[in-house]
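Here is how the chains run, residue by residue.
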Amino acid sequence: MRTRKAITSTVRFEVFKRDNFMCVYCGRRPPEVELTIDHIIALASGGSDYPENLTTACAECNNGKTDRQVSQSSAASASDAERRLAAAQKRMEMAKELQAKLSLLQRAREIDREVSTANHQLVVRAWREAVRLPEGVPVCRKVKRAISQFIRRLPVEDLIHAASLLSRIQPKGDDGYIRYFCAVCWKKFKAQKPGPNVRGPNESKE
Ligand SMILES: [Zn+2]
């Protein structure tokens, strides 16, 4: 097992400075939050202590969800379940309205698909710029799939930001970029306000 070297205060300061003294996952700054150093890829998973693998994170995002967030989230899903039940009963009584709603829903889904496609293209463009992919060279399918995983789960600006962070690293292949991107996105996803029915990317069947 490798021994963990303490990160020097100089390195800590340099990383904080590079990240504008702001948590890269939730965007909060002191004094609202306490800043800590987070390993993008954990030491246990082969991540390094080099600044490219270090990032500024508030204590809360660094440690994962707090008890407070967990209890808020389960209370929210209980009342949400009641609300959905009432909504379902109402729909059963009003079958005609349901028909109209369904066609609206269908249209909403089409629009959602179009927006997602456009957002996906924006993230791919940010990715290309960050990894300096030459003109005419397409991004590989694995990259597109990694972006698709998060496209409906994070605001597009968060995905573009995560892609832009790839300019910090120089991995040997796309896999290194994908791991880094997914690690940032996953932590940004967890830093979002917890809501009902939010599924993690690994639980998706898409
Ligand atoms: Zn944070």
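Residues numbered from 1 in each chain as written. Predicted model: local features only at pLDDT ≥ 70, side-chain atom pairs only at ≥ 80, totals over all residues.

> How should the overall build of the protein be read in this particular structure?
Along its length, the protein carries seven helices and two strands. When the helices and strands of the protein are listed from N to C terminus, the series reads α-β-β-α-α-α-α-α-α. By residue count, 19% of the 206 residues in the protein fall in the buried class. Sequence separation of at least 24 residues holds for 68% of the intrachain contacts in the protein that already meet a minimum separation of 6. (Helix = DSSP H or I, 4+ residues; strand = E, 2+ residues; numbered from the N terminus. Buried ≥ 20, exposed ≤ 12 C-beta atoms within 10 Å, placed from the backbone. Contact = placed C-beta atoms within 7 Å.)

> Where do I start with the nonpolar core in this structure?
Soluble globular proteins tend to pack their nonpolar side chains together in the buried interior. Formed by 20 residues in total, the largest nonpolar core has its most connected members in Leu 159, Ala 163, Tyr 180, Phe 181, Val 184 and Cys 185. Counting only elements with at least two residues in this core, the list comes to α4 (95-131), α5 (141-151), α6 (156-164) and α7 (174-191). Take this core: its biggest share by element is seven residues, from α7. Sequence-distant contacts of Tyr 180, that is, excluding residues within four places in its chain, are made with Ile 40, Ile 41, Leu 166 and Ile 169. (Core = buried A, V, L, I, M, F, W, Y, C linked by C-beta atoms within 7 Å.)

> Which parts of the structure should I look at to understand α5?
An α-helical turn contains 3.6 residues, so any two residues separated by three or four positions project in the same direction. Restricting attention to buried positions, one finds in α5 the residues Val 143, Ala 146, Ile 147, Gln 149 and Phe 150. Buried positions in α5, seen along its axis, are confined to an arc of 150° and lie on one side of it. Across from the buried face of α5, at angles greater than 90 degrees, the exposed residues are Arg 141 and Arg 145. (Arc of directions from axis to C-beta.)

> I'm lost on the packing of α5 against α7 in this one. Help?
Packed helix pairs are characterised by how far apart their axes lie and by the angle those axes make with each other. In the contact formed by α5 and α7, the axes pass within 10 Å of each other and the chain directions differ by 0°. Judged on the interaxial angle alone, α7 and α5 are roughly parallel. Note on element contacts: α7 touches α5 through Asp 174, Ile 178, Phe 181, Cys 182, Cys 185 and Phe 189, opposite Lys 142, Val 143, Ala 146 and Phe 150. Of the residues in the contact of α5 with α7, the class split is eight nonpolar, no polar and two charged. (Axes fitted to C-alpha atoms, helices over the stretch in contact; angles between N-to-C directions. Parallel < 35°, antiparallel > 145°, perpendicular 65-115°, else oblique. Nonpolar A, V, L, I, M, F, W, Y, C, P; charged D, E, K, R; others polar.)

> Just checking my understanding: could you explain the environment of Asp 174 for this structure?
Tracing the sequence through the fold places Asp 174 in helix α7. Apart from the residues lying within four places of it in its own chain, the contact partners of Asp 174 are Cys 140, Lys 142 and Val 143.

> I tried to follow unusual backbone geometry on my own but got confused; where do I start?
Leaving glycine aside, a negative phi is the common case for residues, and trans is the common case for peptide bonds. Residues Pro 30 and Pro 31 are joined by a peptide bond in cis, for which omega reads 5°. Residue placement: Pro 31 occurs in the loop between α1 (9-18) and β1 (35-39). One non-glycine residue, Phe 21, adopts positive backbone phi at about 55°. Along the chain, Phe 21 falls in the loop between α1 and β1. By C-beta crowding, Phe 21 is classed as exposed, having 12 other C-beta atoms within 10 Å. Despite not being glycine, Arg 132 shows a phi value in the positive range, around 55°. Turning to its location among the elements, Arg 132 is positioned in the loop between α4 and α5.

> Help me understand the pairing of strand β2 (residues 54-58), please; the structure alone is not making it clear to me.
Working note: regular strand, side chains alternate between the two faces of the sheet. Within β2, five of the five residues are buried, which leaves the element mostly enclosed by the surrounding structure. With burial as the criterion, each face of β2 is covered, one bearing Leu 54, Thr 56 and Cys 58 and the other bearing Thr 55 and Ala 57.

> Just checking my understanding: could you explain α6 for this structure?
Among all positions in α6, only Asp 158, Leu 159, Ala 162 and Ala 163 are buried. Projected onto a plane normal to the axis of α6, the buried residues spread over an arc of 135° and lie on a single side.

> Explanation requested: the packing of α6 against α7 in the structure shown.
Orientation of α6 relative to α7, taken along the N-to-C sense of each, is 145°, at an axis distance of 9 Å. Relative to α7, α6 is oriented so that their crossing is right-handed. Together, Asp 158, Leu 159, Ala 162 and Ala 163 of α6 and Phe 181, Val 184, Cys 185 and Lys 188 of α7 make up the contact between the two elements. Here the contact of α6 with α7 is built from residues that sort into six nonpolar, no polar and two charged. (Left-handed = near helix turned anticlockwise from the far one by under 90°.)

> Is there a simple way to think about the environment of Glu 52 in this case?
Of note, Glu 52 is situated in the loop between β1 and β2. Note on Glu 52: 16 C-beta atoms within 10 Å, which makes it partly exposed. Note: C-alpha distance between Glu 52 and Ile 40 (12 residues apart in sequence) is 8.7 Å. Other than its neighbours up to four places away in sequence, Glu 52 contacts Arg 168 and Ile 169.

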